[in-house]
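Each chain is listed here by its residues.
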Amino acid sequence: MFARSVQPDVVSLFSSTGSDPLGLFSVQVDGSLPSDSFIHLLNDSTSHPAPPSPAALITAPSVCRDQRAEITQGHQLDQTVLHIQSPTLRRTFIQCPPSVPPHASSGGGVLGLKHTWLHIQVRNLGRDWSFEVGIVDKLGRQGTVRCSTFQKSPALVRNRGASPLLHLPIAFPPSSSSPLTAWSTIALNLAKFVPQFASLAHIQSAGELADAHHPAERGGTSNQVPLPSGTYSHLAFIKIYATCRLRRIWLSESGAPITRTPWEFELYGD
């Protein structure tokens, strides 16, 4: 998608205030839950406009503490954001590129962005949340990194014929830490995930990796997709699941502090 393009130091994939926020993304919702599963642009501070009927917004939780130690919703954004809501995470998401071919690691079917750092501005809605990124090493081996608020410990999943999945826990700041807002900017060094596939494969129990240690039971080694290792090459895809509010997604060459981030990428609350 971008592999053959000149890539600036900072690339924005998603901005909720842009003219076409989802222009690079596909959208999927759970059609069996029309009132609970939807993706909708609204103002963060007012939650308007309301989504079309029968969709019904969940009530945002109070996750912040004010100066009187009372639990509140904290500072909110007086901006348009993307509301992604569903009790079925796996069936409600946005994805870039819109279509990701199985096992595609390079070419027009993947993002091909070589930036090391990924940044996501997201609001905690008090529900389970997850996102995935596809990363590729210099030899074209692809792995998927999934970060989830419901995951308790790192796990490596290797299913026959599928890219290996590194499932990691992620957590929003707890109310006990007195955050001023439910909004967070998550910064990930994508290159550091590459060696974690092999590291976790070595320490994970034989029972959890039966397909790797006993390939005859799962159809042979020919169906075992190699683990990424060595040097990071590029980002293949990104997928954001329910439930959250999303402000921006961008990539950069470094994990520079906010003082070096373009001003329009910063968060402004009321």
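Definitions and cut-offs
Residues numbered from 1 in each chain as written. Predicted model: local features only at pLDDT ≥ 70, side-chain atom pairs only at ≥ 80, totals over all residues. Heavy atoms only, no water. Core = buried A, V, L, I, M, F, W, Y, C linked by side-chain atoms within 4.5 Å. Buried < 20%, exposed > 50% of the residue type's maximum accessible area, 1.4 Å probe, protein only. Contact = heavy atoms within 4.5 Å. Helix = DSSP H or I, 4+ residues; strand = E, 2+ residues; numbered from the N terminus. Phe/Tyr/Trp six-rings, centres within 6.5 Å; stacked < 30°, edge-to-face > 60°. Lys NZ or Arg CZ within 6 Å of the ring centre and 35° of its normal. Arc of directions from axis to C-beta. Pairing = 2+ DSSP bridges. Axes fitted to C-alpha atoms, helices over the stretch in contact; angles between N-to-C directions.

Colleague: Explain the nonpolar core here, please?
Modeller: Nonpolar side chains tend to gather and get buried jointly when the protein is soluble and globular. Counting 43 residues, the largest nonpolar core has Leu-190, Ile-238, Ile-240 and Ile-249 as its most contacted members. The residues contacting Ile-238, other than those within four sequence positions of it, are Leu-13, Phe-25, Ile-94, Gln-95, Cys-96, Leu-111, Leu-118, Ile-120, Glu-132, Val-133 and Ile-249.

Colleague: I keep staring at unusual backbone geometry and nothing clicks. Help me out?
Modeller: Only a minority of non-glycine residues have a phi that is not negative, and only a minority of peptide bonds are not trans. Of note, the bond from His-48 into Pro-49 is cis; its omega dihedral lies within 30 degrees of zero at 0°. Structurally, the position occupied by Pro-49 is in the loop between strand 3 (38-43) and strand 4 (64-65). Backbone torsion omega between Ala-242 and Thr-243 reads -5°, so that peptide bond is classified as cis. Tracing the sequence through the fold places Thr-243 in the loop between strand 14 (232-241) and strand 15 (244-252).

Colleague: Looking at this model, I keep getting lost on the packing of aromatic side chains. Mind explaining?
Modeller: Two measures describe an aromatic ring pair: the distance that separates the ring centres and the angle between the ring planes. Under the defined criterion, the tally for this structure stands at 4 aromatic pairs. If you follow Lys-239 out to its NZ or CZ, it ends over the ring of Phe-93, 4.6 Å from the centre.

Colleague: Mind showing me how you'd approach the side chain of Thr-144 here?
Modeller: Relative to the helices and strands, Thr-144 resides in strand 10 (residues 142-148). Since its relative accessible area comes to 10%, Thr-144 is described here as buried. Every residue in contact with Thr-144, bar those within four places of it in the chain, is listed here: Glu-132, Val-133, Gly-134, Ser-163, Pro-164, Leu-165, Leu-166, Phe-197 and Phe-237.

Colleague: Quick question: what am I supposed to make of helix 1 (residues 194-203) here?
Modeller: Since the α-helix advances by 3.6 residues per turn, residues separated by three or four positions end up pointing in the same direction. Taken residue by residue, helix 1 has Val-194, Phe-197, Leu-200 and Ala-201 as its buried positions. Across the axial projection of helix 1, the buried residues extend over an arc of 145°, all falling on one side. Set apart from the buried face of helix 1 by more than 90 degrees, the exposed residues are His-202 and Ile-203. Buried-residue contacts for helix 1 involve strand 9 (130-137), strand 10, strand 11 (155-157), strand 12 (165-169) and strand 14.

Colleague: What is the right way to read the pairing of strand 14 from this model?
Modeller: Every other side chain in a regular strand lies on the same face of the sheet, so the side chains alternate between the two faces. Among the 10 residues of strand 14, 10 are classified as buried, and the element is accordingly described as predominantly covered. Pairing analysis gives 4 bridges linking strand 7 (residues 93-96) to strand 14, with the strands arranged antiparallel. Bridging across to strand 14, Gln-95 finds its partner in Lys-239. As paired elements, strand 9 and strand 14 share 7 bridges and run antiparallel to each other. Bridging across to strand 14, Glu-132 finds its partner in Lys-239.

Colleague: For this particular structure, what's the right way to read the sheet that holds strand 7?
Modeller: Taken in spatial order, the 7 strands of this open sheet run 2-7-14-9-10-12-11, and their pairing is mixed. Here the strands that pair on one side only, and so sit at the sheet edges, are strand 2 (26-28) and strand 11. On average, adjacent strands in this sheet sit at an angle of 20° to one another, irrespective of strand direction. Inspection of the sheet shows strand 2 paired to strand 7 by 3 bridges, in the antiparallel sense. Opposite Ser-26, over in strand 7, you have Gln-95 as the bridge partner.

Note that every value here comes from positions in space, so none of it alone points to a role or purpose.
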